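Architecture and fold: a report
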Amino acid sequence: MAHGQTTENERLQALSSYKILDTPPEDRFDDLTRLAAAVFNVPISLVTLVDEDRQWFKSRHGIDSEQTPRERGFCARTIESDEVFIIPDTHAETQYRDHPLVVSDPFIRFYAGAPLIVADGSRLGSLCVIDRVPRSPDDERLKLLKIIRDAVVAQLELRRLKAVSLERGHVLTACAWCEKIKPTDTDKAADAWLSPTHVVQQQNMISHGICPSCRERMLAASGKADD
């Protein structure tokens, strides 16, 4: 899918419009970073938003830092293209082997990032996976990374839409893959995700999560059993 090119100023304006920078952690983003880490069997996964002079982590799995300077960031490189940006082994790359994030914590050896491309074509940041050992992911793993990235982008779009449209109706949670709806009735089992048919004629906003069965299928497709 081709995307229109945006200037850096336009990209930063788009990022600002999502009103997400410096907001608290949210389960729906954290679920996706955990899933990405599990699919790749890596210790670190991040949802990163690239601001003017920093990389801020909306969701972080495996590290404590909330942000890093943009000039040092791998994700800042990721937003230069629509394609997944991969460094199989930072020690084999002259420009990265002495990088501060390679020679010190978190000791990045492998990096793969998929750009977060929103509706207007702006690349706001990345969904990335990181390891402390070199890796060469196959095409299937990279395809799964892009699928999870698309779910992150859907969350960004829905979050922005929710901010301006919440007054129109109740917010429901839908599985990002099978589109089943999580019931809001507390008397129903938490895993009893329902058909979306009953909400078709209702004026409700829908956010996205991941139901247990789809999470199992995603992990099975990656060849990694759920912990």
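Below is a short write-up of the structure.

1. What to know about the sheet that holds strand β2 (residues 54-61)
The strand order across the open sheet built from 6 strands is β3-β2-β1-β6-β5-β4, with neighbouring strands paired in antiparallel fashion. One side of each edge strand has no neighbouring strand; the edge strands of this open sheet are β3 (67-69) and β4 (85-87). For this sheet the average axis-to-axis angle between neighbouring strands, irrespective of direction, equals 25°. Bridging between strand β5 (residues 110-117) and strand β6 (residues 123-131) involves 7 bridges; their strand directions are antiparallel. Residue pairing for β6: Phe-110 is matched across the bridge by Asp-131. Its contacts with the sheet put helix α2 (residues 27-40) on β1 (44-50), β2 and β6, and the angle it makes with β2 is roughly 75°.

2. Some thoughts on helix α6 (residues 212-222)
Since the α-helix packs 3.6 residues into each turn, any two residues three or four apart lie on the same face. What α6 keeps buried is the set Cys-214, Met-218, Leu-219 and Ser-222. Buried residues of α6 fall within an arc of 135° about the axis and therefore sit on the same side. Opposite the buried face of α6, by more than 90 degrees, sit the exposed residues Arg-217 and Ala-220. Looking at the residues trailing α6, positive phi occurs at Gly-223, about 85°.

3. Let's talk about unusual backbone geometry
For the bond running from Asp-105 to Pro-106, omega is 15°, close enough to zero to count as cis. Mapped onto the elements of the fold, Pro-106 is located in the loop between α4 (100-103) and β5. Even without being glycine, Lys-19 reaches a positive phi, approximately 50°. Within the secondary structure, Lys-19 sits in the loop between α1 (8-17) and α2. With relative accessibility at 64%, the residue Lys-19 sits in the exposed group.

What counts and what doesn't
Residues numbered from 1 in each chain as written. Predicted model: local features only at pLDDT ≥ 70, side-chain atom pairs only at ≥ 80, totals over all residues. Heavy atoms only, no water. Pairing = 2+ DSSP bridges. Helix = DSSP H or I, 4+ residues; strand = E, 2+ residues; numbered from the N terminus. Axes fitted to C-alpha atoms, helices over the stretch in contact; angles between N-to-C directions. Contact = heavy atoms within 4.5 Å. Buried < 20%, exposed > 50% of the residue type's maximum accessible area, 1.4 Å probe, protein only. Arc of directions from axis to C-beta.

Treat this as a map of the structure, not an account of what it does.
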